[in-house]
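# Architecture at a glance
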Amino acid sequence: MAKILVVTSGKGGVGKTTTSAAIGTGLALRGHKTVIVDFDVGLRNLDLIMGCERRVVYDFVNVVNGEANLQQALIKDKRIENLYVLAASQTRDKDALTQEGVERVLMELKEQFDFVVCDSPAGIEKGAHLAMYFADEAIVVTNPEVSSVRDSDRMIGLLSSKSRRAELGEDPIKEHLLITRYHPQRVEKGEMLGVEDVKEILSVELLGVIPESQAVLKASNQGVPVILDEESDAGQAYSDTVERLLGKPKPLRFIEVPKQGFFARLFGGK
C-alpha cells in the first residue's frame, strides 16, 4: 500500500529539504519506487539539492492546474532507478495550490509509487497545511534548540488535529521525530538541548539524530543527496534513519562526544 510521508517543521532552516532528499533517495535505494514532491511554491530548493534544476520544464502547480500531466512533470533521477522528483513552481505564490488539485495529484501518485515524500515549506500557512493534510506518516524535523522544538510542538498539534485523517476520525498520522544539526560537544557544554530533553518535550517516537556536518553543505552545493556520501557521518545517520523508518532496529550513532585515544590525550588532542 502506497504511503504519503510528509517532512515538516514549524521553523525554517532546520533541514527539511535535505531530509526529504535523503529519505526519498534512501527509500529508492532499498527498492521502493519513490517520488519527492516539493510543496515550497515560490522558493523551490528540492530540485537544486537533487541536482535536476536544469531539467524542470513543468512543475507541481502546472499539474494541479491541468496545464501539464504528471508524466510531463515528473523528473527521473539519473543516479537511482526508482527515484523521481516533482518540482515546485518558482514563479507562482503559495495560493496557486488548491486542496482539490493537490488531492487529485497525490492520489494519482499513490497509484504509481510506493512512497510519496512531501517536502513541506516552513510555518503553518497554506502550503505547509496542504503538504501534511493528506499524509499517512510525518517526519517532524527539529534542531536541538528551544525555539525550534517549540515550533515543532506546534506542528505536532496541527498534525493531530488538522489532517484529513483527524477530520474523518481515522487512525492518526504516524509521527516520527528527527533531530538535525546535533552537536554532542555543545550539548555537553549546555549550549544545546540533548536528545532526551527534546524527546521529553515533544513526546514523539525518535526516528533519528543527524549530526552537524560539513558534508550536508557540500552535498547540497553539489546537487547530491547527502545520504549518497557513505563516508560522512550525516550520510550514515540518514541511512540508519531510513532503516528505522522501514521498521528495522538500528542503534543511534553520533550522539556521544567521541572518546579520545591514549595518544590524543597524552599530546593534548581536542
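About the criteria used
Residues numbered from 1 in each chain as written. Predicted model: local features only at pLDDT ≥ 70, side-chain atom pairs only at ≥ 80, totals over all residues. Heavy atoms only, no water. 1 Å grid on protein atoms, 1.4 Å probe; cavity = no way out; pocket = protein on both sides within 12 Å on 5 of 7 lines; lining within 4 Å. Points joined across faces, edges and corners; volume = space filled by probe spheres on them. Helix = DSSP H or I, 4+ residues; strand = E, 2+ residues; numbered from the N terminus. Nonpolar A, V, L, I, M, F, W, Y, C, P; charged D, E, K, R; others polar. Phe/Tyr/Trp six-rings, centres within 6.5 Å; stacked < 30°, edge-to-face > 60°. Buried < 20%, exposed > 50% of the residue type's maximum accessible area, 1.4 Å probe, protein only. Lys NZ or Arg CZ within 6 Å of the ring centre and 35° of its normal. Expected span 1.5 Å × (residues − 1). Contact = heavy atoms within 4.5 Å.

Of the voids in this model, the largest pocket is the one considered here, and its volume is about 560 Å³. Sorting the residues of the lining of the largest pocket by element identifies α1 (16-29), α2 (46-49), β7 (174-182), β8 (206-211) and α11 (214-222) as the ones contributing at least two each. In terms of residue count, the dominant contributor to the lining of the largest pocket is α11 (four residues). Split by residue class, the lining of the largest pocket holds eleven nonpolar, eleven polar and six charged. Here the second largest pocket defines a volume of roughly 180 Å³. Contributing to the lining of the second largest pocket are 15 residues, with Lys3, Arg244, Leu245, Leu246 and Gly247 lying nearest its centre. Of all elements in the fold, only β7 and α12 (233-245) reach the threshold of two or more residues within the lining of the second largest pocket. Across the lining of the second largest pocket, the residue classes break down as six nonpolar, two polar and seven charged.

Here the focus is the packing of aromatic side chains. All told, the structure shown has three aromatic pairs when counted by the stated rule. When the ring of Phe39 is compared with that of Phe60, the centres are 5.0 Å apart and the planes differ by 75°; the resulting orientation is edge-to-face. Of this pair, Phe39 sits in the loop between β2 (34-38) and α2 while Phe60 is found in helix α3 (residues 60-64), placing the two residues 21 residues apart along the sequence. Taking relative accessible area as the criterion, Phe39 reaches 0% and is therefore assigned buried. Its relative accessible area of 0% is what places Phe60 among the buried residues. Their ring planes at 90° and their centres at 4.8 Å tell us that Tyr133 and Phe134 sit as a pair that is edge-to-face. Both residues of the pair, Tyr133 and Phe134, count as buried. Across the ring face of Phe113, the terminal group of Lys33 is positioned such that the distance to the ring centre comes to 5.0 Å.

The next point concerns helix α7 (residues 146-161). The end-to-end C-alpha distance of α7, which contains 16 residues, comes to 23 Å, matching closely the 22 Å that a straight helix rising 1.5 Å per residue would cover. Looking only at α7, the buried set comprises Ser148, Val149, Ser152, Met155, Ile156, Leu158 and Leu159. Contacts made by the buried residues of α7 are with β1 (3-8), α6 (126-133), β6 (137-142), β7 and α10 (195-202).

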